[in-house]
Amino acid sequence: MQRILPQPTPETKHYWEGCKAGELRLQRCTACAHVYFPPRPFCPRCACREVSVEVASGEATLYSYVINHRPRPDMGTAPYAIAVVTLKEGPRMMTNIVDCPQTPEALQLDMPLRVVFEPQTDEITLPVFAPRGAGA
Amino acid sequence: MKPKSIAVVGAAETTRMGLVPELSNLGLNLDAALNAMADAGLKPSDIDGVATAGEHPWTVAASLGINPTWVDGTNVGGCSYMLHVRHAAAAIAAGYCTTALITHGESGRSQVAPARYASNPASPFGQFEMPYGVGAPVTQVTMPALRYMKETGTTEEDLARMAVIQREWAAMNPRAFARDPITIDDVLSSTMIAYPFRKLLCCLVTDGGGALILTSANRGKDFPTKPVYIMGTGEATAHPMVSMMEDYSTSRAFRTSGAAAFGSAGITPADVDHLMLYDPFAHVPFLALEDLGFCKKGEAKHFYRERRVAPGGALPVNTSGGGLSYQHSGMYGMFALQESVRQMRGVAAAQIEGAKISVAHGIGSMFSAAGTIVFTNEA
């Protein structure tokens, strides 16, 4: 079963195109330099409409998570972690943690992570995170 | 609104609660409304203000034969009814209506004609949270817990102790859905739902509702029950989804709403005799105790370890049994308000003798909103 996927809007199209190209794209305000997420065409700190898109380092740390023991039907049958990570650039985002047992022992808060891109369809690629040092 | 210038003069819950398959979502709202009007000795033609969440205000008003001059359909999750109390008090003070009815009803367990909340895959939530497997609130409201626990030294056993204490309160309440005593071991061995949350750390899912009627305090003596005065109020909103909450160890919405409520009432936490803290999941009252100023960050666990919030303790919290053991239809805020009113009237199942000030504090959605009401029974 295909998992539930996002539907990009004009305001978020650059972000999802970035994921497809293997880039995690954030936005930066040209007036106050604030880096933010989720995407929107103005700065949420100072309301300036002049913002630029930049590629994030892909480095993050694990901020918090739960392990869902009642999987949503499109997510398979095994318990899985739903996580919130803090990007090196500051913003936080929800994600999944891959290449890692979905257990409290393996999932330690503040552990270093790096972004991995998982293609879902021709249109949508989801950014997920793996322990830094795992795999590559 | 001047403190104590507006009073609750009608308050009631649905005739039956828990498992009520004979009533729809709307029907539960109306049953609660009829009971509150009977409690106040009022007819529909006496009501000129209506507030509700889930159902539309026009549906509730028209079904009851009310022609309102003021309505409020604010829906910010389970604390919506705290905001309705605040808005109704302001509306009465402004002259927009004289007598406001606030209703809640939810067929949470039986799901008879429930209010539908479809998620939109193009919304921020649909784009940035749904793809990662979130579902029921137990996968979202719970997200801050592990971070809060790490930063404050709060343990799974502390959360379990909270559930045990609330069950002690529920055991004193014939209307509570879950009354059998439980131990910390029972909680920590119950089914895992979304780590670290086990079944007994999660709220019930029941059917039920409640309604309140507010009017000017100078009419307070015209009604059969003891008037309960609105002393202070607060409300706030924050992020639309839990991944955007700025700090998982403290809720800005709680702090803002609490400060407004205590400030407008002219009281401090030390003045509070009775406290209701909306508990959809066990960690939420811990943040509330700290964010409302009852203690410093990380100290809430001691309220449970030292049983200060338990029967016989100095600060009775969630005396009905709360969302974990009393009732939880979905948007529980109304049930916290009802217990505060019962305590101020002196008619609660686990009545706190001599209580003069009660606070009901609610969470909305994923720490996305908060509402806080300070009640008193002293004019």
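Keep in mind that this is a model prediction, so the values were computed, not measured.

1. A short note on the interface of chain B and chain A
- Across the boundary between the two partners, chain B contributes 26 residues, which contact 30 residues of chain A.
- Elements supplying a minimum of two residues to the side of chain B that touches chain A: α4 (124-128), α5 (145-152) and β5 (192-195) of chain B.
- Of the residues belonging to the side of chain B that touches chain A, the class tally is 16 nonpolar, seven polar and three charged.
- Looking at chain direction, strand β4 (residues 59-68) of chain A and β5(B) are connected through two bridges and run antiparallel. The residue bridging A:N68 from the neighbouring strand is B:A194, located in β5(B).

2. Quick look at the packing of helix α8 (residues 252-265) of chain B against helix α9 (residues 284-291) of chain B
Residues and elements named next belong to chain B.
- Running from amino to carboxyl end, α8 crosses α9 at an angle of 50 degrees, the nearest separation of the two axes being 9 Å. Taken together, the axes of α8 and α9 lie oblique to each other. Relative to α9, α8 is oriented so that their crossing is right-handed. In contact with F254, R255 and G258 of α8, α9 contributes L287, A288 and D291.
- A breakdown of the residues in the contact of α8 with α9 according to their chemical character gives three nonpolar, one polar and two charged.

3. Quick notes on the domain arrangement of chain A
All names here are of chain A.
- Segmenting chain A into domains produces domain 1 (22-55) and domain 2 (58-136).
- The distance between the C-alpha centroids of domain 1 and domain 2 comes to 23 Å.
- Counting residues at the interface gives six residues for domain 1, matched by eight residues for domain 2.
- For the side of domain 1 that touches domain 2, the per-class residue count stands at five nonpolar, one polar and no charged.

4. Notes on helix α1 (residues 25-40) of chain B
Residues and elements named next belong to chain B.
- A rise of 1.5 Å per residue sets the reference length of α1, with its 16 residues, at 22 Å; its end C-alpha atoms lie 23 Å apart and thus fit the reference within 8%.
- Within the span of α1, buried status applies to N25, L26, L28, N29, L30, D31, A32, A33, A36, M37 and A40.
- Tucked inside the fold, the buried residues of α1 contact β1 (6-13), β2 (49-52), α2 (57-64), β4 (99-107) and β7 (207-216).
- G41, located one to two residues past α1, shows a positive phi value of around 70 degrees.

5. A short note on the nonpolar core
- In this structure, B:A36, B:V85, B:A100, B:A163 and B:L214 are the most contacted members of the largest nonpolar core, which totals 160 residues.
- Viewed by domain, this core spans two of them, domain 1 (22-55) and domain 2 (58-136) of chain A, each represented by three or more residues.
- Filtering out sequence-adjacent residues up to four positions away, B:A100 remains in contact with B:G49, B:A51, B:W70, B:A88, B:A91, B:I92, B:I213 and B:L214.

6. Things to note about the confidence of the model for chain B
- Counting all residues, the mean pLDDT for chain B is 97, and 100% of those residues have values of 70 or more.
- Model confidence for the complex: the whole-complex pTM is 0.97, and ipTM, which rates the interface, is 0.97.

Rules and cut-offs
- Residues numbered from 1 in each chain as written.
- Chains lettered and ligands numbered in written order.
- Predicted model: local features only at pLDDT ≥ 70, side-chain atom pairs only at ≥ 80, totals over all residues.
- Contact = placed C-beta atoms within 7 Å.
- Helix = DSSP H or I, 4+ residues; strand = E, 2+ residues; numbered from the N terminus.
- Nonpolar A, V, L, I, M, F, W, Y, C, P; charged D, E, K, R; others polar.
- Pairing = 2+ DSSP bridges.
- Axes fitted to C-alpha atoms, helices over the stretch in contact; angles between N-to-C directions.
- Parallel < 35°, antiparallel > 145°, perpendicular 65-115°, else oblique.
- Left-handed = near helix turned anticlockwise from the far one by under 90°.
- Domains from an automatic or database assignment.
- Expected span 1.5 Å × (residues − 1).
- Buried ≥ 20, exposed ≤ 12 C-beta atoms within 10 Å, placed from the backbone.
- Core = buried A, V, L, I, M, F, W, Y, C linked by C-beta atoms within 7 Å.
- pLDDT = per-residue confidence, 0-100.

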